[in-house]
Amino acid sequence: MGDALAALFWREVKIARRTGGAASIGIVFFLVLATIFPFAVGPDLNLLARLGPAILWIAVLLSTLLGLDRLFQADHEDGSLDLMLTSATPLELIVLVKCAGHWLTTALPLVIVAPLFGLALAQDAAALARLTLSLLVGTPALTLIGAVGAAVTVSLRRGGLLMAVLVLPLAIPVLIFGVSAAGIGATDPVPFAAPLAILGALSLAAIAGAPFAAAAALRYAGE
Amino acid sequence: MTDSHWGFILAAYLVTALVIGGMTLKILLDYRALTRALGKLASSAVVGDDVP
Amino acid sequence: MPNIANPTIFLSFVRRLLPWSAALAIILLTLGLYLTFFVAPPDYQQGETVKIMYLHVPAAWLSLFIYIVMTVAALGTLVWRHPLADAGQKAAAPLGAAFTFICLATGSLWGKPMWGTWWVWDARLTSVLVLFLIYLALIALWQAIEEPGRAARAAAIMTLVGAVNLPIIKFSVDWWNTLHQPASVFRIGGPAIAISMLLPLIVMAIAATFLFLTLHMMAIRNEILRRRLRRLTILAAEQSDAPAYIAPEPAR
């Protein structure tokens, strides 16, 4: 079973890299979003410094979730999902491994490039560190919550927008604690440990719970 | 408090009445359309074979 | 007790029960409105504006109650795979959205004279707004999936995920709210609400509940009929030897 899961994990990573799709487009989308915000709020660096963590968190949230709609759909179309459904490996573990592959190829690059955009949004070193750490802790929750939405809309040809509508309200807690942990501007010192701990708890809860919901949705869609 | 607030009270009751009324109407119209469609289907099923 | 889980028996059950529950809802509503407008005193702080409370609080109660109903129906769909539970889920979602909308609209109309603004990002209002979004998302999911059984199972999973998430959302919104605006302006009476105000409120809440139950039964009946119509239409199309049906399928 371990071998099968490892093989699945590398398959996910390879597909993400080979099609050149998900990962790189996700980063470009993130860049576009982060660039658009200053046009909306104005180039005032003080204001941008205050809004920076919020802007980057929203950009990461949208890039992660919008990249997820194909998580199970490609497998659904080419029939590999049926193989996964009938395999001896529990579907919950398969979902978890697929999410891990997706997180590694699309969310982790975002976490790595986010501080660069943070510099452009006038974040200082401490703020950058907080931001990166909060994203690192929070993005697994986003990937897994998104996976439930992706599983529920798997049979829909154009489920992307619906998935975003389904999933975004559920991602509000992650956003709240993520932005809090990242610090809402340098002028407003909020305690760092508490929101970060809750963010971690949310991620762990998502890791523990979401695979079951997603697997159930996939089983029903396969009927 | 002044009389001007009656406008807000009235608006609140009006919005509520509109939403509930609209919902009820929609459910009733839906019911009528469904029973009509079912009736039509049932009658056409009986004579269906005779129709050229 | 007859087996009301059978859709056909359920339909005759609804036919008998509906006039009674509708009458009860209307009587209670009339009584509640009478108490609200002619008996309940104006609040010493909020004046007559407090009359909006008799709409706002029952709507808020229903917005939660309907989600609980939907959660139970979702369990019915997933555990017993019952078509009636599917219909119960589907019928409840638009009603839940409507009552949640009433809660938001009356809250806003109450807030304008009280706070001087149409909307405050108050913890309670914001949580209700998120609940409204979840209702809308579920309705969109119902509309997106054509096959009713499949739609029901997808919506059931999303409803349960939402039920698990709602307390977390409530908690995080509260936390966010205390972080940004320490003092909340908004208090309805607190525990020491006068009996002359509590009684109309309770009557209105019960009336609203019966109103929902009546509409819910009617909507469930519609869903059962809709499924029956769908099944019969498919059956008729399969049986008919119309040449149009054998015509070459459009290229995918």
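Not measured: the values here are computed from a predicted model. (Residues numbered from 1 in each chain as written. Chains lettered and ligands numbered in written order. Predicted model: local features only at pLDDT ≥ 70, side-chain atom pairs only at ≥ 80, totals over all residues. Heavy atoms only, no water.)

(A) Structural detail: the overall build of chain A. Along its length, chain A carries 10 helices and 0 strands. Reading the helices (α) and strands (β) of chain A from amino to carboxyl end gives α-α-α-α-α-α-α-α-α-α. When each of the 223 residues of chain A is scored for burial, the buried share is 53%. By sequence separation, contacts in chain A at least 24 residues apart represent 81% of the contacts at least 6 residues apart. Of the accessible surface of chain A, which amounts to about 9600 Å², a share of 72% is contributed by carbon and sulfur atoms. (Helix = DSSP H or I, 4+ residues; strand = E, 2+ residues; numbered from the N terminus. Buried < 20%, exposed > 50% of the residue type's maximum accessible area, 1.4 Å probe, protein only. Contact = heavy atoms within 4.5 Å. Areas by Shrake-Rupley, 256 points an atom, 1.4 Å probe, with all protein chains shown as cover.)

(B) Fine view of the side chain of serine 80 of chain A. Locating serine 80 of chain A in the fold gives a position in helix 5 (residues 80-86). Setting aside residues no more than four positions away along its own chain, serine 80 of chain A makes contact with Arg11 and Asp75 of chain A.

(C) Representation of the interface of chain C and chain B in the model. Residue-level contacts link 36 residues of chain C with 23 residues of chain B. Of the roughly 2600 Å² buried between chain C and chain B on both sides combined, carbon and sulfur atoms contribute 83%. On the chain C side of the contact with chain B, Leu109, Asn222 and Leu229 of chain C bury the most area, a combined 19% of that side's loss. Linking chain C with chain B are 1 salt bridge, by the criterion used here. Where aspartate 30 of chain B meets arginine 226 of chain C, a salt bridge forms, and the shortest distance between an N and an O atom there is 2.7 Å. Scanning the region where chain C abuts chain B turns up 4 residue pairs in polar contact (both at pLDDT 80 or more). When contributions to the side of chain C that touches chain B are tallied by element, the ones reaching two or more residues are helix 1 (7-39), helix 2 (53-80), helix 3 (83-115) and helix 6 (195-239) of chain C. Sort the elements by how many residues they give to the side of chain C that touches chain B and helix 6 of chain C lands first, with 12 residues. Looking at side-chain class alone, the side of chain C that touches chain B contains 22 nonpolar, 8 polar and 6 charged residues. (Buried area = accessible area lost by both parts, 1.4 Å probe. Salt bridge = Lys/Arg side-chain N within 4 Å of Asp/Glu carboxyl O. Polar contact = N/O pair within 3.5 Å; in protein donor to acceptor, adjacent residues only side chain to side chain. Nonpolar A, V, L, I, M, F, W, Y, C, P; charged D, E, K, R; others polar.)

(D) Just the environment of leucine 232 of chain C, in detail. As for its placement among the helices and strands, leucine 232 of chain C is situated in helix 6. Not counting chain neighbours up to four residues away, the residues in contact with leucine 232 of chain C comprise Leu38 and Leu41 of chain B.

(E) Highlighting helix 7 (residues 125-152) of chain A. Relative to the 40 Å expected for 28 residues at 1.5 Å per residue, helix 7 of chain A spans 40 Å between its end C-alpha atoms, a close match to the ideal helical length. Bending of helix 7 of chain A peaks at approximately 35° at the position of glycine 138 of chain A, with proline proline 140 of chain A no more than four residues after it. (Expected span 1.5 Å × (residues − 1). Bend = angle between axes of the 7 residues up to and from the residue.)

(F) Summary view of the packing of helix 9 (residues 172-182) of chain A against helix 10 (residues 193-221) of chain A. Residue and element names in this part refer to chain A. Contact geometry of helix 9 with helix 10 gives a least axis separation of 8 Å together with a crossing angle of 145°. Here the hand of the crossing between helix 9 and helix 10 comes out left-handed. Together, Pro173, Val174, Phe177, Gly178, Ser180 and Ala181 of helix 9 and Pro195, Leu196, Ile198, Leu199 and Leu202 of helix 10 make up the contact between the two elements. Within the contact of helix 9 with helix 10, the residues separate by chemical class into 9 nonpolar, 2 polar and no charged. (Axes fitted to C-alpha atoms, helices over the stretch in contact; angles between N-to-C directions. Left-handed = near helix turned anticlockwise from the far one by under 90°.)

(G) Region of the structure containing the pattern of salt bridges. Residues and elements named next belong to chain A. Enumeration over the complete set of coordinates arrives at 8 salt bridges over all chains. Between arginine 11 and aspartate 75 there is a salt bridge, with its nearest N and O atoms 3.1 Å apart. Of this pair, arginine 11 sits in helix 1 (residues 2-18) while aspartate 75 sits in helix 4 (residues 73-78); the two residues are 64 residues apart in sequence, bridging distant segments of the chain. Residue arginine 11 is classed as partly exposed on the basis of its relative accessible area, which comes to 26%. Looking at aspartate 75, the relative accessible area reads 4%, which means it is buried.

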